[in-house]
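Reading the structure
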Amino acid sequence: MAHALVTGANRGLGFETAKELASRGWDVVVAGRDAEAARKAAESIGARARSVRLDVADPDAPAAALAELADVPAFDALVNNAGVSLDGFDADVAARTIDTNFRGAVRVTEAFRPRLSPRANVVMVSSGMGELRKVSPALRKRLLEPLLTFEMLDELVEEFVARVRADDDLGGFPRNAYSVSKVALNAYTRLLAPDLPSGQRVNAVCPGWVRTRMGGSAASRTVEKGASGIVWAATLDEGGPNGGFFRDSKPIEW
Ligand code: NAP
């Protein structure tokens, strides 16, 4: 029996991903920051779904969720889908966006790593807004530096928030916290890939512009179409790619 956990799965792309995995016979954990919303979402998916409270912005939440899920032998897929796109651009927006979209995925992944199955897929739900061309050439170079470490990436992101707080020159970062959070998430994907035991994979996926609360009603894609690439990455077999960035199951430029 395959097990998956999807963050931010009470609605939108996360919910659709959880629903699709359950329809394929997976046991899915619908993780949400609002326990009641997650419970209702899992109930609507059916017997293959259960829920857990997991606010990815809360540093203690992943360990608490793991303790609650002690009976799950191992996770075959971890889908880091939870994300926000906040209005405006100031230090508070920058800090909250980074903390949810980038650090949230990092803290959930780090907490769940010991509970991943030997052939698990980790999926980072990213965005075309995270493409490297959104940052200056100098910053791009720093992000692609072969000697980049997790600590250096964390410092880079911290530097962005500090520059916004100081109302300073942004040092090559765009005036868009969402974009920076996804650039950082992609960099984390590249760092994590070679660090995983052989057999496990991590890939970043752009779902395209999707009609969810975040994407809005004018978006070009249905939630089913958007989720299909996420489900693909969550269900790759051992021969599948590791450390890539995909849209519609096809590689795209970092
Ligand atoms: P959505 O409908 O707004 O759903 C976002 C989900 O994330 C909700 O379940 C929300 O929970 C959850 N969330 C937010 N902050 C959280 C936190 N701190 N802890 C746990 N869950 C949290 O948006 P969506 O379009 O489905 O977005 C899903 C992912 O796709 C995001 O990572 C987004 O960046 C990415 N994406 C979307 C599009 C698009 O066009 N829609 C394009 C590219 C990438 P609540 O219900 O509690 O708020």
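The coordinates are above.
Residues numbered from 1 in each chain as written. Predicted model: local features only at pLDDT ≥ 70, side-chain atom pairs only at ≥ 80, totals over all residues. Heavy atoms only, no water.

1. Re the packing of aromatic side chains
Enumeration over the complete set of coordinates arrives at 6 aromatic pairs. Taken together, a centroid distance of 5.4 Å and an interplanar angle of 15° make the contact between Phe245 and Trp254 stacked. Take Phe245: its relative accessible area is 2%, and that puts it in the buried class. Residue classification places Trp254 among the partly exposed residues on the basis of a relative accessible area of 21%. The ring of Trp254 carries the charged tip of Arg190 above its face, separated from the ring centre by 4.7 Å. (Phe/Tyr/Trp six-rings, centres within 6.5 Å; stacked < 30°, edge-to-face > 60°. Buried < 20%, exposed > 50% of the residue type's maximum accessible area, 1.4 Å probe, protein only. Lys NZ or Arg CZ within 6 Å of the ring centre and 35° of its normal.)

2. A closer look at the packing of helix α4 (residues 91-112) against helix α7 (residues 177-192)
Following both chains from N to C, one finds α4 and α7 inclined at 20°, their axes separated by 8 Å at the closest point. One element, α4, and the other, α7, form an angle in the roughly parallel class. Note on packing geometry: the crossing formed by α4 with α7 is right-handed. Side by side, α4 and α7 meet where Val93, Ala94, Thr97, Ile98, Asn101, Phe102, Ala105, Val106, Thr109 and Glu110 of the first sit next to Ala177, Tyr178, Val180, Ser181, Lys182, Ala184, Leu185, Tyr188 and Leu192 of the second. Tallied by class, residues from the contact of α4 with α7 come to 13 nonpolar, 4 polar and 2 charged. (Axes fitted to C-alpha atoms, helices over the stretch in contact; angles between N-to-C directions. Helix = DSSP H or I, 4+ residues; strand = E, 2+ residues; numbered from the N terminus. Parallel < 35°, antiparallel > 145°, perpendicular 65-115°, else oblique. Left-handed = near helix turned anticlockwise from the far one by under 90°. Contact = heavy atoms within 4.5 Å. Nonpolar A, V, L, I, M, F, W, Y, C, P; charged D, E, K, R; others polar.)

3. Quick notes on unusual backbone geometry
The phi dihedral of Asp167 falls on the positive side, at around 55°, and the residue is not glycine. As for its placement among the helices and strands, Asp167 is situated in the loop between α6 (150-165) and α7. The exposed category is assigned to Asp167, whose relative accessible area is 69%. At Ser249, a residue that is not glycine, the phi angle is positive and equals roughly 65°. In this fold, Ser249 is placed in the loop between β7 (245-247) and β8 (250-251).

4. Let's talk about the environment of Ala74
Note on placement: Ala74 falls in the loop between α3 (61-68) and β4 (75-80). Remark: the alpha-carbon pair of Ala74 and Phe15, spanning 59 residues in sequence, is separated by 21 Å.

5. Describing the pairing of strand β3 (residues 49-53)
Sheet analysis places strand β2 (residues 27-32) next to β3, joined by 5 bridges and oriented parallel. By the bridge assignment for β3, Ala31 is matched with Val52. On the question of chirality, the crossover connecting β2 to the parallel β3 by way of helix α2 (residues 35-45) is right-handed. (Pairing = 2+ DSSP bridges. Right-handed = clockwise from strand over helix to strand, strands pointing away.)

6. Regarding the site of the ligand
Near the ligand, the surroundings consist of 28 residues, among which Asn10, Arg11, Arg33, Tyr178 and Thr212 are the closest. At a separation of 2.9 Å, an oxygen atom of the ligand approaches a polar side-chain atom of Lys182. Within the contact set of the ligand, an oxygen atom lies 2.8 Å away from a backbone nitrogen or oxygen of Val210. Calculation on the ligand without its partners gives an accessible area of 900 Å², and the protein chains cover 93% of this total. (Near = heavy atom within 4 Å. Polar contact = N/O pair within 3.5 Å; in protein donor to acceptor, adjacent residues only side chain to side chain. Areas by Shrake-Rupley, 256 points an atom, 1.4 Å probe, with all protein chains shown as cover.)

Purely spatial values, then, with no claim about function.
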